[in-house]
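These are the residues of each chain, in order.
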2 protein chains.
Amino acid sequence: MDKAEIESIIQSCSRFLTRHHRRTPQQVLSELAATTDPRLEDDRYGQGEIISNFETSIAGLLGKEAAVFMPSGTMCQQIALRIWAERRGTNNVAFHPTCHLEIHEHQGYRHLHNLHGILVGSPYRLLTLADLQAVAEPLGTALIELPQREIGGQLPSWEELTALLAWTRERTIPTHLDGARLWECQPFYQRSYAEIAALFDSVYVSFYKILDGIAGSILAGPADVIAEARIWQRRHGGNLVHLYPYVLSAQRGLEKHLGRIPDYCAKAREVAATLAQLPQIEIVPDPPQTNMMHVFLRGEADRLNAAALTVAQETGTWLFYDLAPTPLPNYHKLEFTVGEATLDLANDEIFDLFARLFSKCE
Amino acid sequence: MDKAEIESIIQSCSRFLTRHHRRTPQQVLSELAATTDPRLEDDRYGQGEIISNFETSIAGLLGKEAAVFMPSGTMCQQIALRIWAERRGTNNVAFHPTCHLEIHEHQGYRHLHNLHGILVGSPYRLLTLADLQAVAEPLGTALIELPQREIGGQLPSWEELTALLAWTRERTIPTHLDGARLWECQPFYQRSYAEIAALFDSVYVSFYKILDGIAGSILAGPADVIAEARIWQRRHGGNLVHLYPYVLSAQRGLEKHLGRIPDYCAKAREVAATLAQLPQIEIVPDPPQTNMMHVFLRGEADRLNAAALTVAQETGTWLFYDLAPTPLPNYHKLEFTVGEATLDLANDEIFDLFARLFSKCE
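Residues numbered from 1 in each chain as written. Chains lettered and ligands numbered in written order. Predicted model: local features only at pLDDT ≥ 70, side-chain atom pairs only at ≥ 80, totals over all residues. Heavy atoms only, no water.

Student: So what exactly am I meant to see when it comes to the overall build of chain A here?
Tutor: Across its full length, chain A holds 16 helices and 13 strands. Computed over C-alpha atoms, the radius of gyration of chain A comes to 21 Å, within 12% of the 21 Å expected from 2.2 N^0.38 for 362 residues, which places it in the range of a compact globule. Sorting the 362 residues of chain A into buried and exposed places 58% on the buried side. Look at the contacts in chain A between residues 6 or more apart in sequence, and 76% of them connect residues 24 or more apart. As presented, chain A carries roughly 13,900 Å² of accessible surface, and 49% of it is formed by carbon and sulfur atoms. (Helix = DSSP H or I, 4+ residues; strand = E, 2+ residues; numbered from the N terminus. Rg over C-alpha atoms; globule rule 2.2 N^0.38 Å. Buried < 20%, exposed > 50% of the residue type's maximum accessible area, 1.4 Å probe, protein only. Contact = heavy atoms within 4.5 Å. Areas by Shrake-Rupley, 256 points an atom, 1.4 Å probe, with all protein chains shown as cover.)

Structure below.
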């Protein structure tokens, strides 16, 4: 089936298993136009109340001295690591093997900043203090991702997390929090964002994903680090004349979704309990610790994908199309992120959709 | 006078000497929402018709094989130079002393890409073939800016330009066109954008400035170079999940302003002829070659800036506030860019505004 046919099936669906309801650019821009004060002036090269007020509010939420808005997390994180590397005096940076910098950025950290990545721990498990202690090279900076996206959004316990960061702090190893999905951790830890971020020297957060902004991110940390980060942002080509579409949509996303995250997380646990009843399904982590999980489906990938399209046509509910491969040839991975659209589906309805899916693969 | 007071004077003005009419984010977003097809789907990480169709159309306009949309020119140009440097086998890049890479980017080209800038020619004159021939180091890549913004938008004649680029081509020196204001050159050369761009191996164009887009830029060139540029774009953190606000506003800007540029350029020549009658004014270049010029005002900077505010309050017409210093302590520089707002002012009215300004400084 070609891309246009799949697209037309998506278009015909009114309900969606994962994430939020789909919106076109026109719908997003109309909402922003309708919710923005007509007198609000634009930002210019990172200056102006529209952006500085937002930076201040996020710095406050994260309990950090200062914050800078950037177009992408890729930019925020390379820059944070570069600054810490120069202060620490070594270009070694330690992170999980599935770190975004390692697998999604064509290793920009190496090509642009000459940083040396040390992959710590197993790609299929959380990075532990023991993993970090086993590193034989000088540790420059340590990057920790909460939750660990590529293993289904897993989180260490608060005790494990604080023990790890007490160890790095004793050794004056700078620590950076990859908080691409930090907003989703709060129900698990039952602590404020500031309490979580206080464990780290710097933190990056994102405004699309669960917050449904257009794009954009913030790096927060000590004032001198953020001032230096603004220099690097310009060097990267990220100090744009206007960032206001992203800033405004980030604000809107926080207003709409931040208070809903406990509901999304609760629903993820319900969905996991429901789907675990099907023998063809494995859930990681089980129970989910955030609003996301990996759902592993047993079967042939082509048949599962084709069946999902048929179910979409029959029921008007979009499930998935591109299952990802796993080391087990007979299991395929669905990244299941619970959002506003998922809440429209009752748990027994989700069970029925998957039962129907598997019945088509028999 | 503090920033808020100045801002309130700007707000009270209904007419503006330079550029386009001021619009707030809400006005810009409302226009985009009203002019965008409600069915148009968003882009994702550089993919999707909304962005690829636009890239194709700009590649066509510039007569290049391929094009990639990026958030900023800073990103486009560093990336183009990095690619050419690796192909050429030397990190030396030659450009004018006022090149954007040298003076506005905290030398990202050096810090991120280890490129070595060779400043060619005088900061106050156009870069010439003789200047290039006088370089004693191996020439890697040559960057030429058309028009040369920091000297009032000056342009070499077509004969000078083609002679320079014939010389580089004979030596297989890759050439990159900094076309931040390329759109403004067309009336001077009376040639298509494709004919101008054909002289160069790669070209960057911008969609804010005279086109009044929110931000955004395009790098165009051979298909293999553009494919490689997409890798570097991701490394820079510029491959955003959604760029559609910038793409849509770039399209809108082209529709609204590209056909108006001859009018802006004609008006610039009229304004120059008008202002040259005042003994306190020098124009560079005279006559203007694009829609921009530098207007040098004789007097004390503080008095001129204060007088401009008083004129704004008295007439409701905003002139300027931050004059730039020059090597002559008694002359101060105004970058005068003719846009839609300038066309609202008759030439004798512009004369009167400046005569009134100078009378307040006596």
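Student: I would appreciate a short explanation of the sheet that holds strand β7 (residues 202–206) of chain A in the present structure.
Tutor: Picture the strands of a sheet paired through backbone hydrogen bonds; they go either parallel or antiparallel. Residue and element names in this part refer to chain A. Here we have seven strands laid out as an open sheet, ordered β2-β8-β7-β6-β5-β3-β4, and mixed in their pairing. Strand pairing shows two members of the sheet lacking a second neighbour, β2 (66–70) and β4 (116–119), which therefore form its edges. Strand-to-strand twist across the sheet, computed as the mean angle between neighbouring axes with direction ignored, equals 20 degrees. With four bridges connecting them, strand β3 (residues 92–95) and β4 associate as parallel partners. Residue pairing for β4: A94 is matched across the bridge by I118. Packing of helix α11 (residues 223–236) onto the sheet brings it into contact with β2 and β8 (217–221), and relative to β2 it is tilted by some 20 degrees. (Pairing = 2+ DSSP bridges. Axes fitted to C-alpha atoms, helices over the stretch in contact; angles between N-to-C directions.)

Student: Just to check I follow, could you spell out the relation of the copies chain A and chain B for this structure?
Tutor: Mapping one chain copy onto the other needs a rotation about an axis and a shift along that axis. Mapping chain A onto chain B calls for a rotation angle of 180 degrees and an axial translation of 0.0 Å; the resulting RMSD is 0.0 Å. In the structure described here, the two chain copies are related by an operation that fits a two-fold rotation axis. It is L112(A) whose C-alpha, among those of chain A, lies nearest the rotation axis, at 2.4 Å. Both copies contact each other with a shared surface, as 100% of the interface residues of chain A are interface residues in chain B too. (Least-squares fit on C-alpha atoms with pLDDT ≥ 70 in both.)

Student: Even after reading the chapter, I still don't get the sheet that holds strand β10 (residues 292–298) of chain B, so can you show me in this structure?
Tutor: Residues and elements named next belong to chain B. Within the open sheet, the four strands sit side by side as β9-β10-β13-β12. Their pairing is antiparallel. Looking at which strands have only one partner, the edges of the open sheet turn out to be β9 (281–284) and β12 (324–325). The strands touched by helix α15 (residues 347–359) are β9, β10 and β13 (331–337); relative to β10, the strand with the most contacts, the crossing angle is about 25 degrees.

Student: Is there a simple way to explain the interface of chain A and chain B in this structure?
Tutor: Counting from both sides, the interface comprises 51 residues of chain A and, opposite them, 51 residues of chain B. Joining chain A to chain B, the criterion identifies zero salt bridges. At the junction of chain A and chain B, the tally comes to 21 residue pairs in polar contact (both at pLDDT 80 or more). Of the residues forming the side of chain A that touches chain B, the biggest block, seven residues, is contributed by helix α2 (residues 25–35) of chain A. Looking at side-chain class alone, the side of chain A that touches chain B contains 24 nonpolar, 17 polar and ten charged residues. (Salt bridge = Lys/Arg side-chain N within 4 Å of Asp/Glu carboxyl O. Polar contact = N/O pair within 3.5 Å; in protein donor to acceptor, adjacent residues only side chain to side chain. Nonpolar A, V, L, I, M, F, W, Y, C, P; charged D, E, K, R; others polar.)

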